[in-house]
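Structural overview for review
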Amino acid sequence: DDADAGGLRTPIVAVLGHVDHGKTSLLDKIRGSAVTAGESGAITQHIGSTAVPLDVISSMAGDLVDPTDFDLPGLLFIDTPGHHSFSTLRSRGGALADIAILVVDVNDGFQPQTMEAIDILKRTQTPFIVAANKIDTVPGWNPNEGEPVRVSKEKQSDRVQGDLDEKLYEIIGQLSDNGFSADMYWRVQDFQNNIGVVPVSAETGEGVPDLLTVMMGLSQRYLKEEMSIDVGGPGVGTVLEVTDARGFGTTVDAVVYDGTISEDDEIVVGGLDGPIVTEVRALLKPQPLAEIRTEKQFERVESVAAADGVKIAAPDLDDAMAGAPVRVVRDRDVDEVILEVEEELAGFEVSTAEEGVVIKADTLGSLEALSGTLEEHEIPVMRAEVGDVAPRDVRVAETAGEPINRAVLAFGVDTLDDAERLADQEDVEIFADDVIYQLIEHYEDHVEAIET
Ligand code: GTP
Ligand code: MG
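First, a word on what this report is: a plain description of the structure on this page. (Residues numbered from 1 in each chain as written. Chains lettered and ligands numbered in written order. Predicted model: local features only at pLDDT ≥ 70, side-chain atom pairs only at ≥ 80, totals over all residues. Heavy atoms only, no water.)

**Here's the deal with the overall build of the protein chain**
A tally of helices and strands in the protein chain yields 13 helices and 23 strands. Its C-alpha atoms give the protein chain a radius of gyration of 23 Å, near enough to 22 Å, the size a compact globule of 452 residues would have. Projected onto its principal axes, the C-alpha positions of the protein chain cover 70 × 60 × 35 Å. Per-residue burial over the protein chain gives 56% buried out of 452 residues. Once local pairs closer than 6 in sequence are excluded, the contacts in the protein chain between residues at least 24 apart make up 71%. Surface summary for the protein chain: the accessible area is close to 19200 Å², and the carbon and sulfur share equals 44%. With 33 positive and 89 negative side-chain charges, the protein chain shows a spacing of 4 Å between the two charge centroids. (Helix = DSSP H or I, 4+ residues; strand = E, 2+ residues; numbered from the N terminus. Rg over C-alpha atoms; globule rule 2.2 N^0.38 Å. Buried < 20%, exposed > 50% of the residue type's maximum accessible area, 1.4 Å probe, protein only. Contact = heavy atoms within 4.5 Å. Areas by Shrake-Rupley, 256 points an atom, 1.4 Å probe, with all protein chains shown as cover. Lys, Arg positive; Asp, Glu negative; His and termini not counted. Charge placed at Lys NZ, Arg CZ, Asp CG, Glu CD.)

So, in structure tokens, the structure goes:
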């Protein structure tokens, strides 16, 4: 509870990795619910957050954790879909996550999105550990449900242990190729300069106690100072997603990383056409340990303190953008807060020209990533926006003078049916992909076809 937290906020832990390497399953195991089963096609469609209090961590970690060693209140995990550019999650221009778990399938090793995640972790200097997942799939593995991994590993045959070690050393080698000194987590003394590799199984829970212990220990040791906040200050957060909630209209799912947000607070939210000033009508929270995105029953709360995930219901949120800041006004001048939000929005570098293509992306950060890559490819952009491809985007693309610019490039978003129809009618091409370089490749093929 808050009294115990004593001004220390929960560290925010991002769970990243290649598609299907087991991010959601791992969180699911920690949560003990069945989120994976409920996901369409088992693919994480959205980013969700899950708060895990210290007492739950310590009961899962068993002997590995002595809760009296810790004064951080727990961990807040953020799940990300493998196809999603994690650069989208920011706080004040930096990474939203304090720390990260990079999930790597022991059989698959490093894959494109693993590399993408590594690049982002490097760029944002986010400390991370590697969860080498799916150890239960090593042929001949005898599962020991929920046990610390070293205990379970020692119970395996020499051949099985050898096979696992081989796979783990491959991952350690790949980390080293990318400039990280890494080792099995139990050999790492200094987690600030070495990456610990934790063998786990999201299926059997083996290694999960180790993972939680390492994460807690790391946070406690290296983040404690950063976690000291003015708990009572005006809330600051990042929008993860804009969704409709029955009875509440358009709401934003946000992670609050500083201060508190309360019902009736005046807030400023980054929107498509600039800051939106509105008033919190309701704060909705999933039950403890539930996934903010999948849990249907929300509990209404008066106030939320950092760090935590919360659904904010307020009027005028239709144009709110994923990736944008949310700030509570409280005792300050609203204009001052509008300015802060404007500055943060301006921090996203998305440049547009008089003539070019239309781009759409799921969050501000991914829009920025797409725009940056297009710039490298010297592809001009006329309009850049967050959101699904809608008829009005086709209308904009249609006004382009050059045939090669009559195109909409969509990254990680859907295309509405009527937009598709309109594009057919008006001879506008829509390109959609979940991987930036593929998206650009398709567009460039199209340009080449037009020009030859
Ligand atoms: P995206 O959200 O699509 O990026 O995938 P993800 O990384 O969240 O993977 P997810 O948790 O959905 O798992 C993908 C598949 O791998 C599912 O079929 C899981 O059941 C399976 N899986 C995940 N972890 C393990 C594991 O430790 N062992 C085994 N045997 N299967 C696993
Ligand atoms: Mg997932």
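**Re helix α10 (residues 364-376)**
Compared with an ideal rise of 1.5 Å per residue, which puts 13 residues at 18 Å, α10 spans 19 Å between its outermost C-alpha atoms and is within 8% of the ideal. Taken together, the buried positions of α10 are occupied by Leu-364, Gly-365, Ser-366, Leu-367, Glu-368, Leu-370, Ser-371 and Leu-374. If you follow the buried residues of α10, they end up packed against β4 (90-91), α9 (334-346), β20 (357-361), β21 (381-386), β22 (407-411) and α13 (436-451). Positioned one or two residues after α10, Glu-378 has a phi angle of 55 degrees, which is positive. (Expected span 1.5 Å × (residues − 1).)

**A short note on the environment of Ser-49**
Tracing the chain through its elements places Ser-49 in strand β2 (residues 48-53). Along the backbone, Ser-49 and Thr-260 are 211 residues apart, and their C-alpha atoms lie at a distance of 17 Å.

**Brief notes about unusual backbone geometry**
The step from Ala-306 to Ala-307 runs through a cis peptide bond, and the omega angle for that step is -10 degrees. On the secondary structure map, Ala-307 appears in the loop between β17 (303-305) and β18 (308-313). Its identity is not glycine, yet Lys-134 carries a phi of approximately 70 degrees, on the positive side. Inspection of the secondary structure puts Lys-134 in the loop between β7 (128-133) and α6 (149-154). At Glu-378, a residue that is not glycine, the phi angle is positive and equals roughly 55 degrees. Locating Glu-378 in the fold gives a position in the loop between α10 and β21. Taking relative accessible area as the criterion, Glu-378 reaches 72% and is therefore assigned exposed.

**Let's talk about the nonpolar core**
Membership of the largest hydrophobic core comes to 94 residues, with the highest contact counts inside it found for Phe-77, Phe-128, Leu-175 and Ile-312. In terms of residues, this core owes the most to one element, helix α8 (residues 208-223), which gives eight residues. Those residues in contact with Leu-175, other than ones at most four positions away along the chain, are Phe-110, Ile-118, Phe-128, Val-130, Phe-180, Ala-182, Ile-195 and Val-197. Core analysis: the next-biggest nonpolar cluster, separate from the first, contains 30 residues, Val-329, Val-357, Leu-364 and Leu-367 among them. (Core = buried A, V, L, I, M, F, W, Y, C linked by side-chain atoms within 4.5 Å.)

**Some words on a negative patch on the surface**
There is a patch of like negative charges on the surface, built from Glu-402, Glu-441, Glu-444, Asp-445, Glu-448 and Glu-451. Mapped onto the elements, Glu-402 comes out in the loop between α11 (391-398) and β22. Of the residues examined, Glu-402 reaches a relative accessible area of 45% and is grouped as partly exposed. (Patch = residues over 30% accessible without salt bridge, like charges linked within 9 Å, V, L, I, M, F, W, Y side chains within 5 Å. Salt bridge = Lys/Arg side-chain N within 4 Å of Asp/Glu carboxyl O.)

**Points about the sheet that holds β2**
Here seven strands make up an open sheet; going across it, the order is β2-β3-β1-β6-β7-β9-β8 and the pairing mixed. One side of each edge strand has no neighbouring strand; the edge strands of this open sheet are β2 and β8 (182-184). Geometrically, the sheet is characterised by an average inter-axis angle of 25 degrees between neighbouring strands, direction not taken into account. The sheet contacts of helix α4 (residues 54-61) involve β2 and β3 (74-79), and relative to β2 the element is tilted by about 75 degrees. The sheet strands contacting helix α5 (residues 112-123) are β1 (12-17), β6 (99-105) and β7, and the helix crosses β6 at an angle near 160 degrees. (Pairing = 2+ DSSP bridges. Axes fitted to C-alpha atoms, helices over the stretch in contact; angles between N-to-C directions.)

**Section: the pairing of β1**
Counting buried positions along β1 yields six of six residues, so the element is predominantly enclosed. Residues Ile-12, Ala-14 and Leu-16 point to one face of β1 and Val-13, Val-15 and Gly-17 to the other, with burial holding for every one of them. Where β1 and β3 come together, four bridges link them in parallel fashion. Bridge pairing in β3 links Ala-14 to Ile-78. Pairing analysis gives five bridges linking β1 to β6, with the strands arranged parallel. Of the residues in β6, the one forming a bridge with Gly-17 is Val-103.

Structural measurements only, silent on function.
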